[in-house]
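For reference, the chains in residue letters:
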Amino acid sequence: MVERILADRVREPSRTIGRGQASVNIALCKYWGKRNRELNLPFNSSLSVTLPGMDVETELLPGSGDRDEIELCGPGGTLPDDAADRVSGFLDLFRPRPDFRFRVRTRSSVPPAAGLASSAAAFASLVRALDDLFQWRLGPRELSILARLGSGSACRSMYRGVVIWHAGVRNDGMDSFAEPLNIGWEALRIGVVMISASRKGVGSRPGMDHTVETSPLFACWPETAERDLAAILGALEARDLERLGVAAECNALCMHATMIAARPPLVYWTAQTVTAMRTVWELRRAGCPVYFTIDAGPNLKLLYAAGETAAVRRAFGEIRECAPLAANE
Ligand code: DP6
C-alpha cells in the first residue's frame, strides 16, 4: 500500500529536518473493531471533531546508531517502550534502507495514552513530518491513508473541524480514508473532564481485538454505528445539540457495552467516570443540555453550547474547553 501511494516519490530525505503538526480528535461516532488489523481497516465509518490547541508537533531527522531515537517532551513524561516500538514499526514502512535510522522529537500538549487520542495526533503529525522530510507533497487523502496505517483514528487528525472516516470496502484499504466536512458551529463547546491522566490498562488496539473476538454484542455494532453516524451527521448539519448529544452519547455507550460484554470484560470506566456520567444526566434533568462521549479511557468529553459553560464549570470545576467548529479555529 505504501509502495502504491509513494509510487515514483523519492525515498531519500530531501532536507535535514521534517516538521509536522496535528491536533487530537474526538470521535462522536466511534471506530471500534478492525476488519483488517495490519492495515487498520475498520468495520464501520466514524466521525470526529478535531480539538484545536490540543496539539502534537513532530520533528523528524535522519538518525544514527542502531535504533531509532524517539523523544517525547510534554506532559506525561517519556514515551513508554511499547509506544516507541510502535512508532519504529511504523517508520519501517518508510526507511530508504533497512539500516536507515530516524530521530523523532515529539512535543505534545496532551498526556499520552489517557484516552484523549494523543496517539492519533502523534501519527498524523509524524506523517506530515515524513512528507516534509522527503518532500513527497502528497495530497490530504494519501496522507490520511498513511496516518491510518499508524493508528486508525490518526487518519481523522489530518484535518480540522468535522471529519468523516469512510470505512471503505476494498481489501487493499485504498478507499478507507478521512475527509473534512464543511460544518461550522460557533456555539458548540467540548469540555474535557479529566478523571485520570495516567496510562490506561488496555490499549485501544488489543482492546478492540479482544472485543471483536469475544463480545457477543459486537455483531450488531457496525450496523448500529452506521445508523448513529447518519443521525450525528444530520444533527451537526442542523446544529441541533439535543439530537447530536443524544446520538453521540448513545453511540459511546453502545461501544462500551460491546467491551463490557467481552470475555473477560473490558471496562475502561472508574467509579468517578460513572459519577461524572450521573452528574451529566442530573444536569440534563435540571434543564441544562449537556451530553458526553467517552473513548477507551476513563475521561469524559462533554458536548454543550457556549451559554452552558458556567453551569458545566459549577458541576465539574475548571475543565479544559474548546470551540472546535468556531470560525476562528
Ligand atoms: C475509542 O485509533 O487508537 O478512540 O487503530 O489500533 O491505533 P488503533 O486504534 P485507535 O482507536 C481509537 C478508538 C476510540 C474511538 C475513535 O477514536 O473512533
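Residues numbered from 1 in each chain as written. Predicted model: local features only at pLDDT ≥ 70, side-chain atom pairs only at ≥ 80, totals over all residues. Heavy atoms only, no water.

1. Considering the overall build of the protein chain
Inference 1: Along its length, the protein chain carries 9 helices and 12 strands.
Inference 2: Each principal axis of the C-alpha atoms in the protein chain carries an extent, and together these give about 60 × 40 × 35 Å.
Inference 3: For the protein chain, buried positions account for 54% of its 329 residues.
Inference 4: Of the contacts formed within the protein chain by residues at least 6 apart in sequence, a portion of 76% connects residues at least 24 apart.
Inference 5: As displayed, the protein chain offers around 13,800 Å² of accessible surface, 51% of which is attributable to carbon and sulfur atoms.
Inference 6: A gap of 1 Å separates the mean positions of the 39 positive and 38 negative side-chain charges of the protein chain. (Helix = DSSP H or I, 4+ residues; strand = E, 2+ residues; numbered from the N terminus. Buried < 20%, exposed > 50% of the residue type's maximum accessible area, 1.4 Å probe, protein only. Contact = heavy atoms within 4.5 Å. Areas by Shrake-Rupley, 256 points an atom, 1.4 Å probe, with all protein chains shown as cover. Lys, Arg positive; Asp, Glu negative; His and termini not counted. Charge placed at Lys NZ, Arg CZ, Asp CG, Glu CD.)

2. Brief notes about the domain arrangement of the protein chain
Buried accessible area, meaning the area lost when the parts come together, often serves as the stated size of an interface.
Inference 1: Along its sequence, the protein chain is carved into domain 1 (2–181) and domain 2 (188–328).
Inference 2: Between the C-alpha centres of domain 1 and domain 2 there is a distance of 24 Å.
Inference 3: Across the boundary between the two partners, domain 1 contributes 38 residues, which contact 47 residues of domain 2.
Inference 4: Our count for the contact surface shared by domain 1 and domain 2 stands at 3 salt bridges.
Inference 5: Here Arg37 makes a salt bridge to Glu213, at a shortest N to O gap of 2.4 Å.
Inference 6: Counting the contacts that link domain 1 with domain 2 gives 10 residue pairs in polar contact (both at pLDDT 80 or more).
Inference 7: Ranked by residue count, the leading element in the side of domain 1 that touches domain 2 is strand S4 (residues 46–62), at 8 residues. (Domains from an automatic or database assignment. Salt bridge = Lys/Arg side-chain N within 4 Å of Asp/Glu carboxyl O. Polar contact = N/O pair within 3.5 Å; in protein donor to acceptor, adjacent residues only side chain to side chain.)

3. With respect to the environment of Asn182
Inference 1: Positionally, Asn182 belongs in the loop between strand S8 (178–181) and strand S9 (188–193).
Inference 2: By relative accessible area, Asn182 is classed as exposed at 83%.
Inference 3: C-alpha of Asn182 to C-alpha of Gly161: the two residues are 21 residues apart in sequence and 7.5 Å apart in space.

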